[in-house]
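Chain by chain, the residues run as shown.
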Amino acid sequence: MINLTRLNKLVRAARDAVEARGETFYPGPSRIHLAAFPPKERWNDWVELDSKAWPARVEKRYMLVPTTCFNCESACGLLAYVDRDTMQVRKFEGNPEHPGSRGRNCAKGPATLNQITDPDRILYPLKRAGRRGEGKWVRVSWDEVLNDLGDRIRRAITEGRPNEVMYHVGRPGEDGYTERVLAAWGVDGHNTHTNVCSSGGRAGYHYWMGLDRPSPDHANARVILLVSSHLEAGHYFNPHAQRVIEAKQNGAKLIVFDTRLSNTATHADHWVAPYPGSEAAILLAIANDVIQRGLYHREFVRRWWNWQEYLAHEHPGLAPSFETFEQILKTLYAGYTFEYAAAESGVDAGVLRELAGVVASAGTRLSTHTWRSAAAGNLGGWQVPRTLFFLNALLGAVATEGGTYPNAWNKFVPRPIYVPPHPPIWNELTWPREYPLAINELSFLLPHLLKDGRGRLDVYFTRVYNPVWTNPDGFSWIEALTDERLVGLHAALTPVWSETAFFADYVLPMGLGSERHDLHSYEQYDGQWIAFRQPVLRAARERLGDRATDTRQINPGEVWEENEFWIELSWRIDPDGRLGIRRWFESKRTPGQKLTVDEYYAHIFDHSVPGLPERAAGEDLTPLEFMRRYGAFEIAAQIGPLHERRIPPEELADVRVDPLGRVYTRAPAPATSNIVPTGSPEPDAEGRRPVGVQVDGETLRGFPTPSGRLEFYSRTLAEWGWRESALPTYIKSHIHRERLAPDQMVLISTFRLPVQIHTRSANAKWLNEIAHTNPLWIHPGDARGLGLRTGDLVRVETETGYFVVKAWVTEGIRPGVVACSHHMGRWKVREAGERQMMATVSLDRSGGRWSMRQIQGAQPFASEDPDTLKIWWTDVGVHQNLTFAVHPDPVSGQHCWHQAVRVRKAGPDDRYGDIAVDTARSMEIFRQWLALVRQADRYSPNGTRRPYWLMRPLRPSRDAYRLPDRGQPAAVSGE
Ligand code: SF4
């Protein structure tokens, strides 16, 4: 314990002594005034006292090198403290020059140090020696790997099997680099994890504003409404959390919807714990109150909603006036009374009425956010963001100070050195025609579609992705990955061992956040910034005059980075350039030579980031040197309402205006995209691009929707078979009370632990010591009924099997609902793996019947890190996701995570961590959910597989959108 009085006395004495000598007193270790962060002018030679040498005053000299954290999607700035004597990283702290995170990090940022020094990390490329999954590995050279992969991919392309090449990413953490690699190869092989994560969240926003994410200006809000545990685990949570707290300090009210008493809920002024899946009903009751009391922002609604389109299509016989629309609006939501919402949610009607008053009091300063949470838990969960943003749209709290922005207003996408053309094919393994409106690839159905005979893969990359553990129905993944008829070759690109890597042919070690290059820009406040992840030791050596030509020269072992890996692999696929692939990976400076990462990023920083060259020149640096020195650059602040900006005359050429005011032009789009909303609305029939929308006689930028306005009414949804969901509405979840048997409860399985990273922190000892298990939250009333006390074993039975876990009896969960974090339950069958956080298990299989039993939990072990002998925990949790069947939402494609379960006291044969699953039953449930779809073959209004304007991470050519045998597609929405 520090005795502050004594410390103050010591500081005063030191000051008096220094000042008595006539010198200035600097109390900080670097002999300057104490500051929150090291001033950037001194990053090259920063001095600190060595805390481990205390009480001796031993000075350590550091070079501070910026990078960005790779431990979640926020990309916060980190500063690596590189010891100038050893040239090793000694710690990571926050980068104060990063505009999003402003020098602050969560626990996972500094824990990057654990990851780079993890004794179990993979240091060399490995090839399997036995059967897949047998656990036998031999070290191979990168050359052997690259030649094998290059040959196979070349054959797949030249033999007309491009759809047999697939790249499947978990945490991308980059700017679209790999999408462009795949486009250069001409394959439609991009697959993401997004449909087990945020597709539900994205869909709700996308149908409103043509962009799939919100950017709430929390810091300036009067009221903040979160449908999630956003302060601890939401999207961009550290950058957002610090701004939410600032707003609270300035008097903002915080409303949190969360069925659990999360850390976020504990900070709320108003916490509501609704029955899971009822969130949209509450939000609509609030919206109805705003409408009935006439509290909405009438002018904003009149100018920016697509009410004319709604009237034209749904009420063509009525006068197309705003007053007509207002009358209809009052009737549309009249049924969503507080009493109705109370019956659905279990939250008292009086509480909901009070909430509505608080929300309405925000005016245009209402910041709202939801992401995974309810949107990812429920059938129809995508209506949660749609109904949440409805409140912003009603109050005019869109792109206002303290309101919620479309993400592209607060994000910057630079133009890269090359933009290869769209691949000319469509891959139905990722975009099956049953899901024309899915916001992302139907990634979690891959094993089911493969087993269904819809195709095979010859080369399958997983990259920072662990579907066996992360996705529902992991045993079906193992079945597919171990069947060489379905997956010819599986290469796992990963910085850390994973349950999926165990079933690979190659395990290829990739760098951590301080060992690789990436670019990012994310919407975290009303501004636009760009940040640079870099191999910090490479940057440090370069400051001292060394030059590295390959990141492997600096990284430990033969750990590489994807940028250089993809360039090299692309050259092996097309060594002489005849396939037209190699040219996208050649230098522009020295034609015929390989593109380097320095040239790749220098080109972007020199040509595509407004203001950066001038700022760098001011410090006598090149733009690349500036980014290597400071790690981030703010391009603009206080962006404001981009949709209100007038279109400049140079963007208006051969213009056509449709009857609802959408403006199309033949003028090309500007080269930089910082003022252009992303997204790709449909061109008109003559190929003009949509450029804006006419509002009160002016041509304004508008939103990248088909109408150019905010789409209260989605003509796309109506035309593609979902007319009943075209307006913000409430869809009863698959776990709605009406659908549950009397002895069933709802299991919430989606919540994160704030100090863990899904599947990538088993290598972080500090984090593991803090959190390493996942008991089942159960209310005391329910526990009493089952005769349970905290620590007792319970068996949780799902549709396909069961898992055995410990109970944690708590009033922090709604009665009738149980919850278990998905962040725990890592396992390994054999020696390889992360010993500090993976249980060793036995796996047994009889046909589709699988069982898992834990043999041993974590144990202390000897390694070069003495701390591994101090591991005191054995319990590393239970892998519940294995027991979940797939639940694809028929609109968004999101896996609907919530489970209807039976919770029982464990029997005498049950052991902690036991899991049993029947994958034949999983396939049956897959087919049941498949029956809910409205597939493109039947519902497409124009012969295409998917509306062209909807986002796709890797967009094929226009021709590839055509359904086979349906002729040339005609434009529909947006004409
Ligand atoms: S929030 Fe934490 S884990 Fe995420 S990027 Fe920031 S420091 Fe890293």
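Look up: the structure comes first, before these words.
First, a word on scope: everything that follows refers to the structure included in this document. Bear in mind that the values here come from a model prediction, so they are computed numbers and not experimental data.

## With respect to the overall build of the chain
Per the secondary structure count, the chain includes 29 helices and 34 strands. Computed over the C-alpha atoms, the radius of gyration of the chain is 28 Å, within 12% of the 30 Å expected from 2.2 N^0.38 for a compact globule of 975 residues. With respect to the three principal axes, the spread of C-alpha positions in the chain is 85 × 75 × 70 Å. Counting only residues that meet the buried cut, the chain has 64% of its 975 residues in that class. Intrachain contacts of the chain at a sequence separation of at least 6 include 72% that bridge at least 24 residues. Carbon and sulfur atoms provide 50% of the accessible area of the chain, an area that totals close to 34,100 Å². A distance of 1 Å separates the average location of the 117 positive side-chain charges in the chain from that of its 116 negative side-chain charges.

## Observations regarding the sheet that holds strand β24 (residues 698-700)
With antiparallel pairing, 4 strands are arranged side by side in an open sheet as β21-β22-β23-β24. Of all strands in the sheet, those with a lone pairing partner are β21 (656-657) and β24, marking the two edges. Bridge count for strand β23 (residues 689-695) against β24 is 3 bridges, and the pairing is antiparallel. Note on β24: the bridge partner recorded for Val695 is Glu698.

## Overview of helix α5 (residues 199-209)
Extensive coverage of α5 is indicated by the burial of 11 of its 11 residues. Looking at α5, one finds that the buried residues are Ser199, Gly200, Gly201, Arg202, Ala203, Gly204, Tyr205, His206, Tyr207, Trp208 and Met209. Backbone geometry just after α5 places Gly210 at a positive phi near 75°.

## Focus: the packing of α5 against helix α16 (residues 383-395)
At their nearest, the axes of α5 and α16 sit 8 Å apart, and the two run at 40° to each other. One way to sum up the angle between α5 and α16 is to call them oblique. You can see that α5 and α16 cross each other, and the crossing is right-handed. Listed contacts from α16 to Gly200, Gly201, Gly204, Tyr205, Tyr207, Trp208 and Met209 of α5 are Pro385, Arg386, Leu388, Phe389, Phe390 and Ala393.

## Side note on the packing of aromatic side chains
Counting across every chain of the model gives 53 aromatic pairs. A centroid spacing of 6.2 Å and a plane angle of 35° characterise the contact between Tyr333 and Tyr336, whose relative ring orientation is tilted. The exposure classification of Tyr333 matches that of Tyr336, with both residues buried. Arranged with centres 6.1 Å apart and planes meeting at 90°, the rings of Phe626 and Phe633 form a pair that is edge-to-face. You can call Phe626 buried: its relative accessible area is 1%. Over the face of the ring belonging to Trp571 we find Lys594, whose NZ or CZ atom lies 5.1 Å from the ring centre. The ring of Trp426 has Arg952 lying over it, and the distance from NZ or CZ to the ring centre is 4.6 Å.

## Details of the site of the ligand
Around the ligand sit Cys69, Asn71, Cys72, Ser74, Ala75, Cys76, Asn105, Cys106, Lys108, Gly109, Phe237 and Asn238, and that is every residue in its neighbourhood. Split into classes, the residues belonging to the shell around the ligand amount to 6 nonpolar, 5 polar and 1 charged.

## Digging into the pattern of salt bridges
Applying the stated criterion to the full structure yields 93 salt bridges. The closest approach of N and O atoms between Glu434 and Arg454, which form a salt bridge, is 2.9 Å. Here Glu434, found in the loop between β14 (404-406) and α17 (446-451), pairs with Arg454, found in the loop between α17 and β15 (459-463); they are 20 residues apart in sequence, far enough to count as distant. In this structure, Arg552 and Asp550 form a salt bridge, with 2.7 Å as the shortest nitrogen-oxygen distance. Judged by relative accessible area, Arg552 falls into the partly exposed class, the value being 23%. It is possible to trace a salt-bridge network through shared partners that takes in Arg152, Glu159, Arg161, Glu164, Arg456 and Asp458.

## As for the sheet that holds strand β18 (residues 518-520)
Across the sheet, 3 strands lie side by side as β18-β19-β20; this open sheet has antiparallel pairing. The open sheet has two edge strands with one neighbour each: β18 and β20 (632-637). If you compare each strand with its neighbour and ignore which way they point, the axes differ by 10° on average. Taken together, the 5 bridges between strand β19 (residues 527-533) and β20 define a ladder with antiparallel strand orientation. Paired with Gly527 across the strands is Ala637, a residue of β20. Packed on one face of the sheet, helix α22 (residues 597-607) meets β18 and β19 and runs near 25° to β18.

## Quick notes on the layout of surface pockets
Its boundaries defined by the atoms lining it, the second largest pocket holds a volume of some 950 Å³. Surrounding the second largest pocket, 38 residues form its lining, Val89, Arg90, Lys91, Leu113 and Thr117 being those nearest its centre. Breaking the lining of the second largest pocket down by element, the ones donating at least two residues are β1 (46-49), β4 (89-94), α2 (112-116), α20 (536-543) and α26 (765-770). No other element matches the 5 residues that β4 contributes to the lining of the second largest pocket. Taken together, the residues that form the lining of the second largest pocket break down as 16 nonpolar, 7 polar and 15 charged.

## As for the nonpolar core
Ranked by internal contacts, the top residues of the largest apolar core, which has 91 residues, are Tyr460, Leu747, Leu776 and Trp827. For this core, the element with the highest residue contribution is helix α19 (residues 474-481), accounting for 5 residues. Other than its neighbours up to four places away in sequence, Leu776 contacts Leu747, Val794, Val796, Val805, Lys806, Ala807, Trp808, Val818, Ala819, Cys820 and Val903. The next biggest cluster of nonpolar side chains, apart from the first, holds 89 residues, and it includes Tyr207, Leu388, Ala399 and Ala726.

Conventions used here
- Residues numbered from 1 in each chain as written.
- Predicted model: local features only at pLDDT ≥ 70, side-chain atom pairs only at ≥ 80, totals over all residues.
- Heavy atoms only, no water.
- Helix = DSSP H or I, 4+ residues; strand = E, 2+ residues; numbered from the N terminus.
- Rg over C-alpha atoms; globule rule 2.2 N^0.38 Å.
- Buried < 20%, exposed > 50% of the residue type's maximum accessible area, 1.4 Å probe, protein only.
- Contact = heavy atoms within 4.5 Å.
- Areas by Shrake-Rupley, 256 points an atom, 1.4 Å probe, with all protein chains shown as cover.
- Lys, Arg positive; Asp, Glu negative; His and termini not counted.
- Charge placed at Lys NZ, Arg CZ, Asp CG, Glu CD.
- Pairing = 2+ DSSP bridges.
- Axes fitted to C-alpha atoms, helices over the stretch in contact; angles between N-to-C directions.
- Parallel < 35°, antiparallel > 145°, perpendicular 65-115°, else oblique.
- Left-handed = near helix turned anticlockwise from the far one by under 90°.
- Phe/Tyr/Trp six-rings, centres within 6.5 Å; stacked < 30°, edge-to-face > 60°.
- Lys NZ or Arg CZ within 6 Å of the ring centre and 35° of its normal.
- Near = heavy atom within 4 Å.
- Nonpolar A, V, L, I, M, F, W, Y, C, P; charged D, E, K, R; others polar.
- Salt bridge = Lys/Arg side-chain N within 4 Å of Asp/Glu carboxyl O.
- 1 Å grid on protein atoms, 1.4 Å probe; cavity = no way out; pocket = protein on both sides within 12 Å on 5 of 7 lines; lining within 4 Å.
- Points joined across faces, edges and corners; volume = space filled by probe spheres on them.
- Core = buried A, V, L, I, M, F, W, Y, C linked by side-chain atoms within 4.5 Å.

Worth remembering: the numbers are spatial, not functional.
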